[in-house]
2 protein chains.
Amino acid sequence: MSGDHGLRSAVPASLQVLQEHPNLQLSLVGDSNAIELELQQHDTAGALPARLDIVHADTTLAMDAPTAQILRGSQGSSLHVALGLLGAGQVDAVVSAGNTTALMALGRRQVDMLHGFSRPAFCSAIPVNKGFSYMLDLGANVDCDARSLHEFALMGTALVSSLEECEVPRVALLSNGREANKGDAVIRLAAEKLAADERLNYCGFVEGDDLHLARAELIVCDGLLGNVALKTAEGTAELAADLVRQSFASHWWYRLLGLMVRPVLGQLRVSLSAEQYGGAFLLGLQGVVVKSHGGSTPRAFRAALEQAVLCVEHKMVPRLAHYLDNQESAEL
Amino acid sequence: MSGDHGLRSAVPASLQVLQEHPNLQLSLVGDSNAIELELQQHDTAGALPARLDIVHADTTLAMDAPTAQILRGSQGSSLHVALGLLGAGQVDAVVSAGNTTALMALGRRQVDMLHGFSRPAFCSAIPVNKGFSYMLDLGANVDCDARSLHEFALMGTALVSSLEECEVPRVALLSNGREANKGDAVIRLAAEKLAADERLNYCGFVEGDDLHLARAELIVCDGLLGNVALKTAEGTAELAADLVRQSFASHWWYRLLGLMVRPVLGQLRVSLSAEQYGGAFLLGLQGVVVKSHGGSTPRAFRAALEQAVLCVEHKMVPRLAHYLDNQESAEL
């Protein structure tokens, strides 16, 4: 029900993904009348209903709902109902384009944490010069200790192993320099823990200007640093696009050339945009939770759905639980 | 003596700036033989020596010297001698392209802090969609309390007032959201202090993607966050430039168009590069200290010299001292 485009994104994206995954069962959670109306706009060919059902929810949380209201007044909202299905084990994954704060607060309330993890983290792909890296935490946890960063490294490793053809992703800690004496006390202690953990492929510190160099498949940091880094990258990409636009508008000859190179510059925008890489993952829960990116266009919503399918098929949650079963959680 | 281009940048930049500022007195600190040789390459027309002198220094600190070596073995190095002149009040400003760690360590040792400030901070311009904003701290101080962030806001306000035509720059704190409940406890306490200080024009929190929107002339954060944000912006700009290059190389027709639009894309690189905006400032000392940016090309070195002149002419250091004289430092 949420996101900039609501059902106009979610419904066509769902129908496409259902076609591509013949074993997928999908529940659309929200205002059943509105969902049925939207479904009528598409050619469902009568064949789909067997794998597509509608779960009614009375309300939708506003995208800008304050946290207190989310926790008090969310009962019966589409997000509350969907996460309830996940918490009860009736579904394996929830994909939403809704309010991030709500997704985090309700996710934590409605779905159990994996035994041994203390708090969930947000993880997302970031564009690098060859494909993607993943980074977490991106804002769920502002104050983190070294144990939290270690947990994030395990969560991210399970995610990247599930999504990418990369069995043991390289893990780096984000810091203010590559040398071992950089970072604050928490980051340096986390470095020791990561280096000592044989389940991880720890490769040291990376700096902000290393983020796009694909030096690691997974970048770990606290939520304040991660949020600032991610949004700074987005803002710089916007600035670069603006500057290109301004330059091409500066003279009639460049305006003409600008028309001819438009496909090239459009490609730049796509390569740097969040839209192509699906969603952000709320990790550490006993279920897959994906927040769709990119103004939740049909393309972005579909990518988020595809990622949720990959996580379930590649058993991300059992893999993460297995990490913890093999070791006392106190030893983390 | 330092930087990627050493005297080949510093000497021509110095001669240009001397020509433009008829009251400027300039000392070149370093290997006197090498400096004289380089001066002979340029047309000094015999008129300059009255305002240009050479101060000999036996050694030069390596760009990658470890901190321990800097503190033990720096005696007699060009940076040590230059900062000694500043500490003794014989010059008003030092400009260097050398090792940042050394500049910070020796700056703090050789030059007194302004009374009332507890630690120096690095401040630099960042490109925004219209001109520049300034950001500090950029890496000098990894662990900061609210009082430090408040000091940074005062230092930065004095700097921006001196460099730009902006009497009372807007100051923002970098955080993970614009709402007052974002940030960690230190950032939220700093927000209270900044809002209560009548010498500051505090305008709230900014996020990473606001950095380039010119919402504030001055952005304040701790050195870890600032370093990651600055380097992430640099890395993203590099990535954007790489992607444009790759796109234009993809087909003969685009390669041809690429040649024609080269001036436009070159302008993008300049707009996003550190080189055009001179240097980074080590603030809080009883003197002006500027670290030249951008691989210290002659252009970058000259911009750093021009900024040092502006800071002296506009009395940045006395202005900052005045802030503190008007108020017990304990009240900061």
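The shown structure was predicted, so the numbers you read here are calculated from the model rather than taken from an experiment.

**Student:** What is the right way to look at helix α11 (residues 298-313) of chain A in this model?
**Tutor:** Since there are 3.6 residues in each turn of an α-helix, residues three or four apart along the chain are aligned in direction. Compared with an ideal rise of 1.5 Å per residue, which puts 16 residues at 22 Å, α11(A) spans 22 Å between its outermost C-alpha atoms and is within 8% of the ideal. One or two positions beyond α11(A), positive phi appears at K315(A), with a value near 55°.

**Student:** I would appreciate a short explanation of the relation of the copies chain B and chain A in the present structure.
**Tutor:** In summary, the two copies of the chain are related to each other by a rotation about an axis coupled with a shift along it. In screw terms, the move from chain B to chain A is a rotation of 180° and a rise of 0.0 Å along the axis, fitting with an RMSD of 0.1 Å. On this basis, the relationship between the two copies can be described by a two-fold rotation axis. Taken together, the interface assignments show that 100% of the residues at the interface of chain B recur at the interface of chain A, consistent with an identical surface on both copies.

**Student:** Got a minute to help me understand the sheet that holds strand β9 (residues 279-283) of chain B in this structure?
**Tutor:** Adjacent strands of a sheet form backbone hydrogen bonds with each other and so pair up, either parallel or antiparallel. Residues and elements named next belong to chain B. The mixed open sheet is built from 8 strands, whose spatial order is β3-β10-β9-β4-β5-β8-β6-β7. The open sheet has two free edges, formed respectively by β3 (93-96) and β7 (201-206), since each of these has just one partner strand. The sheet shows a mean angle of 25° between the axes of neighbouring strands, taken without regard to direction. In terms of strand pairing, strand β4 (residues 121-127) meets strand β5 (residues 132-136) through 5 bridges, oriented antiparallel. Note on β5: the bridge partner recorded for C123 is L136. The sheet strands contacting helix α6 (residues 146-163) are β4, β5, β6 (170-174), β8 (218-220) and β9, and the helix crosses β8 at an angle near 160°.

**Student:** Quick question: what am I supposed to make of the state of the cysteines here?
**Tutor:** Joining two cysteines, a disulfide is a covalent bond between their sulfur atoms. Scanning all chains against the criterion turns up 0 disulfides over all chains. Unpaired in this structure, C144(A) has its nearest cysteine sulfur neighbour in C221(A), at a distance of 8.5 Å.

**Student:** I tried to follow the sheet that holds strand β4 (residues 121-127) of chain A on my own but got confused; where do I start?
**Tutor:** All names here are of chain A. Reading across the sheet, the 8 strands line up as β3-β10-β9-β4-β5-β8-β6-β7 and stay open at both edges, with mixed pairing between neighbours. Each edge of the open sheet carries a strand with a single partner, namely β3 (93-96) and β7 (201-206). Along the sheet, successive strands turn relative to each other by an average axial angle of 25°, direction set aside. Judged from the 4 bridges that link them, strand β9 (residues 279-283) and strand β10 (residues 288-292) form a sheet pairing that is antiparallel. Residue pairing for β10: G279 is matched across the bridge by S292. Sheet contacts for helix α8 (residues 223-248): β4, β5 (132-136) and β6 (170-174); angle to β5, the most-contacted strand, approximately 145°.

**Student:** What's the story with the interface of chain B and chain A in this structure? I'm lost.
**Tutor:** How large an interface is tends to be reported as the accessible area lost when its parts come together. Between chain B and chain A, the residue contacts involve 47 residues of the former and 47 residues of the latter. Linking chain B to chain A there are 2 salt bridges. We note a salt bridge from E207(B) to K231(A), for which the minimum N-O separation is 2.1 Å. For the interface between chain B and chain A, the tally reads 6 residue pairs in polar contact (both at pLDDT 80 or more). Taken together, the elements giving at least two residues each to the side of chain B that touches chain A come down to α8 (223-248), α9 (252-260) and α10 (262-272) of chain B. If you tally residues by element for the side of chain B that touches chain A, the top one is α8(B), at 19 residues.

**Student:** Honestly, the side chain of S96(A) in this entry has me stumped. Any pointers?
**Tutor:** All names here are of chain A. Residue position: S96 is located in strand β3. The exposure class assigned to S96 is buried, which follows from its relative accessible area of 12%. A distance of 2.8 Å separates a polar side-chain atom of S96 from the backbone nitrogen of G98. Among residues more than four places away in sequence, those in contact with S96 are L79, L103, V290, K291, S292 and F301.

Cut-offs applied
Residues numbered from 1 in each chain as written. Chains lettered and ligands numbered in written order. Predicted model: local features only at pLDDT ≥ 70, side-chain atom pairs only at ≥ 80, totals over all residues. Heavy atoms only, no water. Helix = DSSP H or I, 4+ residues; strand = E, 2+ residues; numbered from the N terminus. Expected span 1.5 Å × (residues − 1). Least-squares fit on C-alpha atoms with pLDDT ≥ 70 in both. Contact = heavy atoms within 4.5 Å. Pairing = 2+ DSSP bridges. Axes fitted to C-alpha atoms, helices over the stretch in contact; angles between N-to-C directions. Disulfide = S-S within 2.5 Å. Salt bridge = Lys/Arg side-chain N within 4 Å of Asp/Glu carboxyl O. Polar contact = N/O pair within 3.5 Å; in protein donor to acceptor, adjacent residues only side chain to side chain. Buried < 20%, exposed > 50% of the residue type's maximum accessible area, 1.4 Å probe, protein only.

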